[in-house]
Amino acid sequence: MFTKTNYSQDLSANYTMLSKQLDALLTGEKNIIANLSNASALLNQFLDQINWVGFYLMEDNELVLGPFQGLPACVRIPLAKGVCGSAASTKETVIVPDVHAFPGHIACDAASQSEIVVPIVKDGVLLGVLDIDSPIKERFSEQDKEGLEQFIQVLIAHI
């Protein structure tokens, strides 16, 4: 059903293609768990040099582990704690070039060196965050931020 896509050297164009793939994959399905599962699998296939990609969802004023790809992870994260909690609290994307230099970083996987967290906000309400870790320092760029924010906007339309 799915085949490996050969992406170009243009990262912005690749993220646009990825968002179109997500839209096609999720069209007609409204189940949040199914859609987040497929979204994390799609990102895991698309992104290189990552060791974890997944979602944390808001529940009872904290982030709770949702669908993901990677090693077992921390289950609950309080708001304003760690990178995920910081992004959730501010509702802004956070890029951390070196997680060991981030105050209060929560180390779920010792191999993680850098991280990006994108909040999922629908109609002003925080639903959760997309969290991606890399074993490479300084893995995530401004282009990644813009592309992942575009990806999240497509996802929001399906949840």
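Cut-offs applied
Residues numbered from 1 in each chain as written. Predicted model: local features only at pLDDT ≥ 70, side-chain atom pairs only at ≥ 80, totals over all residues. Heavy atoms only, no water. Buried < 20%, exposed > 50% of the residue type's maximum accessible area, 1.4 Å probe, protein only. Helix = DSSP H or I, 4+ residues; strand = E, 2+ residues; numbered from the N terminus. Contact = heavy atoms within 4.5 Å. Axes fitted to C-alpha atoms, helices over the stretch in contact; angles between N-to-C directions. Parallel < 35°, antiparallel > 145°, perpendicular 65-115°, else oblique. Left-handed = near helix turned anticlockwise from the far one by under 90°. Pairing = 2+ DSSP bridges. Phe/Tyr/Trp six-rings, centres within 6.5 Å; stacked < 30°, edge-to-face > 60°. Salt bridge = Lys/Arg side-chain N within 4 Å of Asp/Glu carboxyl O. Expected span 1.5 Å × (residues − 1). Polar contact = N/O pair within 3.5 Å; in protein donor to acceptor, adjacent residues only side chain to side chain.

Side note on helix 3 (residues 82-90)
So, point 1. Regarding helix 3, the residues found buried are Gly 82, Val 83, Cys 84, Gly 85, Ala 87 and Ala 88.
So, point 2. Against the buried residues of helix 3 lie strand 1 (52-59), strand 2 (62-70), strand 3 (76-78), strand 4 (94-96), strand 5 (114-122) and strand 6 (125-134).
So, point 3. At the exit of helix 3 stands Lys 91, carrying a positive phi of roughly 60 degrees.

Describing the packing of helix 2 (residues 32-46) against helix 4 (residues 142-156)
So, point 1. Where helix 2 meets helix 4, the closest approach of the two axes is 12 Å, and the angle between their N-to-C directions is 155 degrees. As summarised for this structure, helix 2 and helix 4 are arranged roughly antiparallel, according to the angle between their axes. In this structure, helix 2 meets helix 4 at a crossing whose hand is right-handed. The segment helix 2 lies against helix 4, with Asn 35, Leu 36, Ala 39, Leu 42 and Leu 43 engaging Leu 148, Phe 151 and Leu 155.

Here we look at the sheet that holds strand 4
By way of backbone hydrogen bonds, the strands of a sheet pair with one another, either parallel or antiparallel.
So, point 1. Strand order in the open sheet made by the six strands is 3-2-1-6-5-4, with antiparallel pairing throughout. The strands lining the two open edges of the sheet, one partner per strand, are strand 3 and strand 4. Each adjacent strand pair in this sheet contributes to an overall mean axis angle of 25 degrees, direction not counted.
So, point 2. As defined by bridge partners, strand 5 adjoins strand 6 across nine bridges and the pair is classed as antiparallel. Counterpart to Val 121 in the pairing with strand 6 is Leu 126.
So, point 3. The strands that helix 2 touches are strand 1, strand 2 and strand 6; relative to strand 2, the one it contacts most, it runs at about 50 degrees.

Observations regarding the packing of aromatic side chains
So, point 1. A full pass over the atoms with the stated rule returns three aromatic pairs.
So, point 2. Taken together, a centroid distance of 5.1 Å and an interplanar angle of 65 degrees make the contact between Tyr 15 and Phe 46 edge-to-face. One end of the pair, Tyr 15, is in helix 1 (residues 11-26); the other, Phe 46, is in helix 2, and 31 residues separate them in sequence. An identical accessibility class is assigned to Tyr 15 and Phe 46; each is buried.
So, point 3. Plain terms: the ring middles of Trp 52 and Tyr 56 are 6.0 Å apart, the flat faces sit at 25 degrees to each other, and that makes the pair stacked.
So, point 4. Accessibility expressed as a relative area gives 1% for Tyr 56, which makes it buried.
So, point 5. Linked through ring pairs, Trp 52, Tyr 56 and Phe 68 together constitute an aromatic cluster.

Comments concerning the pattern of salt bridges
So, point 1. Tallying each qualifying case throughout the model produces seven salt bridges.
So, point 2. A salt bridge links Asp 48 to Arg 139; the nearest nitrogen and oxygen atoms lie 3.3 Å apart. Pair noted here: Asp 48 is in the loop between helix 2 and strand 1 and Arg 139 is in the loop between strand 6 and helix 4, with a separation of 91 residues, a long-range link.
So, point 3. When its relative accessible area of 48% is taken as the criterion, Asp 48 is described as partly exposed.
So, point 4. Between Asp 98 and Lys 137 there is a salt bridge, with the nearest N and O atoms lying 3.5 Å from each other. Pair noted here: Asp 98 is in the loop between strand 4 and strand 5 and Lys 137 is in the loop between strand 6 and helix 4, with a separation of 39 residues, a long-range link.
So, point 5. Overall, the relative accessible area of 45% leaves Lys 137 in the partly exposed class.

Describing helix 1
So, point 1. Compared with the 22 Å implied by 1.5 Å per residue over 16 residues, the 22 Å span of helix 1 between its first and last C-alpha is a close match.
So, point 2. Contact partners of the buried residues in helix 1: helix 2 and helix 4.
So, point 3. Here helix 1 starts with a cap whose side-chain oxygen sits 3.1 Å from the backbone nitrogen of Ser 12, and that cap is Asp 10.
So, point 4. Just downstream of helix 1 lies Gly 28, where phi reads positive at about 90 degrees.

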